[in-house]
Amino acid sequence: MDVALLHGLLLLLILPVLLYRYCATFHYFCKVTFFNLWVLAMATLLSPFAAIRGRCVENMKLLCAAIRPLKHLYGIKIEVLGAEHLNLKEPYVIVCNHQASLDLMGMVEVIPKRCVPIAKKELLYMGTVGWACWLSGIIFIDRQRTGDAIDVISQTAETIRRENLRVWIFPEGTRNQSRSMLPFKRGAFHLAVQAQVPIFPIVISPYWDFFSSKEKKFTPGTFTIRVLPRIETRGLSPKDVPELTETVRKTMVDVFSEMSSNPCRDWPAELPLLPSTGATKGTDGVWHDEDTTGTSD
Ligand SMILES: CCCCCCCCCCCCCCCCC(=O)SCCNC(=O)CCNC(=O)[C@H](O)C(C)(C)COP(=O)(O)OP(=O)(O)OC[C@H]1O[C@@H](n2cnc3c(N)ncnc32)[C@H](O)[C@@H]1OP(=O)(O)O
Ligand SMILES: CCCCCCCC/C=C\CCCCCCCC(=O)OC[C@@H](O)COP(=O)(O)O
């Protein structure tokens, strides 16, 4: 009887280890659960320290420091190209493709100082995670209430100029692991045009090799983050937003496709795909170079 009990106990201990080792689905759920527990634990541990400062963008440093170790724990290598483009003192808007929650790991590698993400308001209700996000100055929008979301974005246009902030937006508006990008929401582009600040597109290469929530795959791997040259919005008005949105999306989709088909990451240093740095749209509807020196970068 005792031996049977011991065998049962042993099996109970060994079973999760064996499942983790040999069952990809179990392995996937363990890793995703660990990710969420890590975020929750960090938010719980660090929020009191962030609370001392109160709600402020400086707390983003704490948030980033809390997320950074995750890549080591998961054996994920992240390569960043073009980060120097973000060395601009003025405010700007970053737009980035959104594949999964793992994007957080990439975001914290490149996010500049004084930059806050725009997030869905549901995050606010995730206990200490919501508290940590609020304390870090993250801007929340209600995606179901377009009018309210537009109001928040309009206020943000004033805030980023007044407080010299940068904003990080996932213009697809939701996570997407398809072979391309979803149509872009226009909020990020209205924001940049309203504030008359540049846009920096950031493309994260596909995770297909090592992560897929559909296939329940989560192994060690490598991904690349490419920061593209800035796109000027000076002189643009709200009527230019649809075209600006499409131009930026097409550029990002092209870079994403190139990254997908070139896994050895053998890309040229500069990509001539964008309306070039400092480009503005002329009355003829064509993008023209305004300042080709790019010295302010
Ligand atoms: C301290 C330690 C901490 C440790 C813990 C760590 C915690 C870690 C957590 C980190 C959190 C990271 C955060 C990441 C979160 C990521 C997300 O949540 S992604 C989801 C949220 N993001 C978005 O939704 C993207 C922004 N959304 C939009 O831009 C949308 O446009 C919209 C404003 C929500 C409206 O949506 P919708 O109606 O579906 O879309 P459109 O077609 O774009 O717009 C309709 C219409 O409205 C016009 N319009 C849009 N915006 C504006 C505007 N600002 N001003 C004026 N008009 C606007 C648009 O042009 C359309 O009109 P048109 O006539 O058709 O052109
Ligand atoms: C009192 C309640 C307590 C609840 C505790 C919940 C704990 C949850 C713990 C960790 C959550 C980690 C969240 C990381 C968020 C990463 C950002 C992200 O990827 O958001 C998704 C959003 O862009 C788009 O959402 P959808 O794809 O539209 O969906």
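Please refer to the structure higher up on the page.
Before going into details, it helps to say that this report is about the structure given with it.

Criteria and cut-off values
Here the residue index of a chain counts from 1 through its sequence in written order. Naming scheme: in the order in which they are written, chains are lettered from A and ligands are numbered from 1. Per-residue local features are limited, in this predicted model, to residues with pLDDT of at least 70; the limit for side-chain atom pairs, both in listing and counting, is 80 or more; totals at the level of whole chains, interfaces and linings are taken over all residues. The basis for every side-chain value is the complete set of heavy atoms in the structure, and neither hydrogens nor water enter the calculation. Here, nonpolar core means buried Ala, Val, Leu, Ile, Met, Phe, Trp, Tyr and Cys residues that are tied together by side-chain atoms lying within 4.5 Å of each other. Note on classification: 1.4 Å probe, protein chains only; a residue is buried when its accessible area is under 20% of the maximum for its type, exposed when over 50%, partly exposed between these limits. Secondary structure elements follow DSSP: runs of H or I no shorter than four residues count as helices, runs of E no shorter than two count as strands, and numbering proceeds from the N terminus. Whether two residues are in contact is decided by their heavy atoms: any pair within 4.5 Å suffices. Definition of nearness: a residue and a molecule or strand are near each other if at least one heavy atom of the residue lies within 4 Å of the molecule or strand. Think of a polar contact as two N or O atoms within 3.5 Å of one another; within protein, one of them needs to be a possible hydrogen donor and the other a possible acceptor, and neighboring residues in sequence only count if both atoms come from side chains. Surface accessibility follows the Shrake-Rupley procedure with a 1.4 Å probe radius. Residue values consider only the protein chains on display as shielding. Residues are grouped as follows: Ala, Val, Leu, Ile, Met, Phe, Trp, Tyr, Cys and Pro are nonpolar; Asp, Glu, Lys and Arg are charged; all remaining types, including Gly, are polar. A patch consists of residues whose relative accessible area exceeds 30% and which take part in no salt bridge; residues with like charges are grouped when within 9 Å of each other, and nonpolar side chains (Val, Leu, Ile, Met, Phe, Trp, Tyr) when within 5 Å. What makes a salt bridge here is a side-chain nitrogen of Lys or Arg within 4 Å of a carboxyl oxygen of Asp or Glu, nothing more. The rule for pairing is simple: two strands pair if DSSP sees at least two bridges between them. To obtain an axis, a line is fitted to C-alpha atoms, over the contacting stretch when the element is a helix, and the angle between two such axes runs from 0 to 180 degrees between their N-to-C directions.

### Quick look at the nonpolar core
By size, the foremost hydrophobic cluster in this structure holds 83 residues, and its most contacted members are V93, L102, W168, F189 and I202. For this core, the leading source of residues is helix α9 (residues 241–261), giving eight residues.

### Looking at the side chain of T245
Within the element layout of this structure, T245 appears in helix α9. Classification of T245 as buried rests on a relative accessible area of 0%. Non-local contacts of T245, meaning those with residues more than four positions away in its chain, are made with F184, K185, R186 and F189.

### Some words on the site of ligand 1
Near ligand 1, the surroundings consist of 28 residues, among which K120, K185, R186, G187 and H190 are the closest. Within the side chain of R186, a nitrogen or oxygen atom sits 2.5 Å from an oxygen atom of ligand 1. Bound to the protein, ligand 1 loses 80% of the 1400 Å² it would expose on its own. Taken together, the elements giving at least two residues each to the shell around ligand 1 come down to α2 (24–53), α3 (59–67), β3 (115–120), α6 (128–135), α7 (146–162) and α8 (187–195). A total of four residues in the shell around ligand 1 trace back to one element, the largest contributor, which is α7. In the shell around ligand 1, the residues fall into 19 nonpolar, five polar and four charged.

### What to know about a nonpolar patch on the surface
Together, L10, L13, I14, L18 and Y22 line one region of the surface with nonpolar side chains, adding up to about 540 Å² of accessible area. By the secondary structure assignment, L13 is in helix α1 (residues 2–22).

### Thoughts on the sheet that holds β3
Pairing between the strands of a sheet is mediated by backbone hydrogen bonds and can be parallel or antiparallel. Across the sheet, seven strands lie side by side as β1-β9-β6-β2-β5-β3-β4; this open sheet has mixed pairing. Among the strands making up the open sheet, the edge pair consists of β1 (76–81) and β4 (139–141). Pairs of neighbouring strands in the sheet enclose a mean axial angle of 20°, with direction left out of account. Across four bridges, the pairing between strand β2 (residues 92–96) and strand β6 (residues 199–204) is parallel. Of the residues in β6, the one forming a bridge with V93 is I199. Each of β2, β3, β4 and β5 (166–169) is contacted by α7, which is oriented at about 160° to β4, the strand it contacts most. Along the sheet, α9 makes contact with β2, β6 and β9 (221–227), crossing β6 at roughly 30°.

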